[in-house]
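# Summary of structural features
The residues making up each chain are set out below.
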Amino acid sequence: MTPAAPPRLAGTPATLVIDGRVDAGRAVLVARGQLVHGCADILAEALAALPADVERVDLDMGDVEFMDTAGLRFLDLLGGFSHRQAVPVTATNWHGGPLRILELAGLDTTDPLRATAHRPEPRPAPDPTADPADPAAPQASAAPAERLHVLQEEVEQLRQAIASRPVIDQARGVLMALHACTSDEAWHILREASQLSNTKLRTVAAAVTASAGSDGPPPPAEVRTALRTALGRIGR
């Protein structure tokens, strides 16, 4: 069994780490962190560290917590390696935000390196002799641009969700301490208060956390009302 060399370029932020081993010609790699700018360079060094006679590469993506459009370059690099080396490569165990990005990109969420049935069929090239004003003439599709826009919006929402985790976790702790509820109950209270007050979850959490201080301001009236309702529904 031969361990894979640490795949981090000098000076590259450790947003992604790839550990692994090679056993009987099979490389088993585990990715941890985020597929963001620079992830393809980290992958390239991990692949370069593999023995020349490797017969298969299996990449476990279960510990990847975030992915933006740079992750698509990561997958392209994996696919290129598989083609050049003529070895099977898999990238499996996707979940959470990265799984959603694969769905939006039209890739196979079980293993995006496989040919996928979800990707839209290419449209035929437009007839240069056709009159664009003719309603029967084929029109250029805006689907690729629309899909990219949706993908970018989803990535931004995922970024905001990750940035919100600390304050949401703090608010859950406050509710657990004040109302003797469980962590799951605290999460449901925050989420319901957000929905009832039409206020972002992060904003509700920040208001709850701020109000816990000795001189902290109380949450806004609409948030207080929503919190009372949510607490009442779980009997607190």
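This one's a predicted model, so the numbers in the text were calculated from it and none came from an experiment.

### Observations concerning the nonpolar core
The biggest cluster of nonpolar side chains holds 33 residues, and the ones touching the most others in it are Ile18, Leu35, Leu59, Met61, Phe74 and Leu78. Only strand 2 (16-23), strand 3 (26-35), helix 1 (39-48), strand 4 (56-67), helix 2 (70-85), strand 5 (89-92) and helix 3 (96-104) provide two or more residues apiece to this core. When near neighbours in sequence (up to four residues on either side) are disregarded, methionine 61 contacts Ala31, Leu35, Phe74, Ala91, Thr92, Asn93, Trp94 and His95. Cys181, Ala186, Leu190 and Val204 belong to the second-largest nonpolar core, a separate cluster that totals 18 residues.

### Side note on the pairing of strand 5
Of the pairings in the sheet, the one linking strand 4 to strand 5 comprises four bridges and is parallel in character. Considered in strand 5, the bridge of aspartate 58 is made with threonine 90. Read from strand 4 through helix 2 to strand 5, the crossover connection turns out right-handed.

### Quick notes on helix 5 (residues 183-197)
An α-helix turns once per 3.6 residues; consequently, residues spaced three or four apart project the same way. The first and last C-alpha atoms of helix 5 sit 21 Å apart over 15 residues, in line with the 21 Å expected at 1.5 Å per residue. What helix 5 keeps buried is the set Ala186, Ile189, Leu190, Glu192, Ala193, Ser194 and Ser197. Phi for asparagine 198, located one or two positions after helix 5, is positive at around 55°.

### Observations concerning the environment of glycine 96
Tracing the chain through its elements places glycine 96 in helix 3. Taking the C-alpha atoms as reference points, glycine 96 and glycine 62, 34 residues apart in sequence, are found 9.4 Å from one another.

### What about the packing of helix 1 against helix 2?
It is at 8 Å that the axes of helix 1 and helix 2 come closest, and there the two elements cross at 25°. What the angle tells us is that helix 1 and helix 2 run roughly parallel. Here helix 1 and helix 2 pass one another in a crossing that is right-handed. Residue-level inspection shows Cys39, Ala40, Leu43, Ala44 and Leu47 of helix 1 in contact with helix 2, the latter providing Ala70, Gly71, Arg73, Phe74, Leu77, Leu78 and Phe81. When grouped by side-chain class, the residues that make up the contact of helix 1 with helix 2 number 10 nonpolar, one polar and one charged.

### Describing the side chain of arginine 172
When you line up the elements, arginine 172 lands in helix 4 (residues 143-179). Judged by relative accessible area, arginine 172 falls into the buried class, the value being 18%. Dropping the residues within four chain positions of it, arginine 172 is found in contact with Ser183, Asp184, Ala186, Trp187 and Leu190.

### A word on unusual backbone geometry
Residues other than glycine seldom take positive phi values, yet alanine 24 does so here, at roughly 55°. Along the chain, alanine 24 turns up in the loop between strand 2 and strand 3. Phi is positive for alanine 180, close to 50°, though the residue is something other than glycine. Along the polypeptide, alanine 180 turns up in the loop between helix 4 and helix 5. Judged by relative accessible area, alanine 180 falls into the exposed class, the value being 58%.

Cut-offs used in this document
Residues numbered from 1 in each chain as written. Predicted model: local features only at pLDDT ≥ 70, side-chain atom pairs only at ≥ 80, totals over all residues. Heavy atoms only, no water. Core = buried A, V, L, I, M, F, W, Y, C linked by side-chain atoms within 4.5 Å. Buried < 20%, exposed > 50% of the residue type's maximum accessible area, 1.4 Å probe, protein only. Helix = DSSP H or I, 4+ residues; strand = E, 2+ residues; numbered from the N terminus. Contact = heavy atoms within 4.5 Å. Pairing = 2+ DSSP bridges. Right-handed = clockwise from strand over helix to strand, strands pointing away. Expected span 1.5 Å × (residues − 1). Axes fitted to C-alpha atoms, helices over the stretch in contact; angles between N-to-C directions. Parallel < 35°, antiparallel > 145°, perpendicular 65-115°, else oblique. Left-handed = near helix turned anticlockwise from the far one by under 90°. Nonpolar A, V, L, I, M, F, W, Y, C, P; charged D, E, K, R; others polar.

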